[in-house]
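This is what each chain is made of:
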Amino acid sequence: MIENLPPCPKCSCEYTYEMNALVVCPECGHEWVAAEGGADSGASEERVVKDSVGNVLQDGDSVVVVKALKVKGSPSGIKAGTKVRNIRLVDGADGHDIDCKIDGFGAMQLKSSVVKKG
């Protein structure tokens, strides 16, 4: 547990709190990983997530599904060309590194290899 939590880098709110490994801002909803130890060596340990054509993805981007996906429990699945807005990058299981909400399906995780930045 971090003793003194840093203020939000987006809105400078001082009332941040810890949620698992993330620090969360209650005012703007921004989530980030707090740097423990205080001394950064200057090296960025942030992982880079790329889409199917090599574009770097970031939180909040919009992506387009490039191939039809089967969804367990759904008779139709997700069609190629479906636009997904406001993605969030996560460390998911089995390579599912995008957390998103898809209209008609709800919240789910996708692999970055089946989307392209849109």
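Heads up: the structure comes first, above all this text.
First, a word on scope: everything that follows refers to the structure included in this document.

Calculation criteria
- Residues numbered from 1 in each chain as written.
- Predicted model: local features only at pLDDT ≥ 70, side-chain atom pairs only at ≥ 80, totals over all residues.
- Heavy atoms only, no water.
- Helix = DSSP H or I, 4+ residues; strand = E, 2+ residues; numbered from the N terminus.
- Buried < 20%, exposed > 50% of the residue type's maximum accessible area, 1.4 Å probe, protein only.
- Contact = heavy atoms within 4.5 Å.
- Areas by Shrake-Rupley, 256 points an atom, 1.4 Å probe, with all protein chains shown as cover.
- Core = buried A, V, L, I, M, F, W, Y, C linked by side-chain atoms within 4.5 Å.
- Pairing = 2+ DSSP bridges.
- 1 Å grid on protein atoms, 1.4 Å probe; cavity = no way out; pocket = protein on both sides within 12 Å on 5 of 7 lines; lining within 4 Å.
- Points joined across faces, edges and corners; volume = space filled by probe spheres on them.
- Nonpolar A, V, L, I, M, F, W, Y, C, P; charged D, E, K, R; others polar.

Tallying secondary structure elements over the chain gives zero helices and 11 strands in all. Mapped in sequence order, the helices and strands of the chain form the string β-β-β-β-β-β-β-β-β-β-β. Considering the chain as a whole, with its 118 residues, one finds that 28% of them fall into the buried category. The contacts of the chain with a sequence gap of at least 6 include a subset with a gap of at least 24, amounting to 37%. With an accessible surface of roughly 8,400 Å², the chain has 47% of that area assigned to carbon and sulfur atoms.

What follows concerns the environment of Ile98. Within the secondary structure, Ile98 sits in strand 9 (residues 98-102). Taking the relative accessible area as the measure of exposure, Ile98 reaches 0% and is therefore buried. Sequence separation between Ile98 and Val49 is 49 residues; the distance between their C-alpha atoms is 9.1 Å.

Residues Val84, Cys100 and Leu110 are the most contacted members of the largest nonpolar core, which totals 16 residues. Secondary-structure elements contributing two or more residues to this core are strand 6 (63-65), strand 9 and strand 10 (106-110). Among the elements that take part in this core, strand 9 stands out by supplying three residues, more than any other. If we skip the residues at most four places from it in the chain, Val84 touches Asp61, Ser62, Val63, Val65, Cys100, Lys101, Ile102 and Leu110. Within the second largest apolar cluster, six residues are counted, among which are Cys13, Val23, Cys25 and Trp32.

Of note, the phi angle at Ser12 is positive, near 65°, even though the residue is not glycine. The exposure class of Ser12 is exposed, given its relative accessible area of 54%. The residue Asn86 is not glycine, and still its phi comes out positive at about 55°. For Asn86, the position within the fold is in the loop between strand 7 (83-84) and strand 8 (88-89). Note on Asn86: relative accessible area 58%, which makes it exposed.

Right, let's talk about the sheet that holds strand 2 (residues 22-24) for a bit. Spatially, 1-2-3 is the arrangement adopted by the three strands of the open sheet, whose pairing is antiparallel. Either end of the sheet is taken by a strand with one partner, and the two such strands are strand 1 (17-19) and strand 3 (31-32). Across two bridges, strand 2 lies against strand 3 in antiparallel orientation. Looking at the pairing, Val23 lines up with Trp32 of strand 3.

Moving on, we come to the layout of surface pockets. Considering only enclosed or pocket space, the second largest pocket measures out at about 210 Å³ in volume. In terms of lining residues, the second largest pocket is bounded by Lys67, Leu69, Lys70, Val71, Ile78, His96, Met108, Gln109, Leu110, Lys111 and Val114. Tallied by class, residues from the lining of the second largest pocket come to six nonpolar, two polar and three charged.

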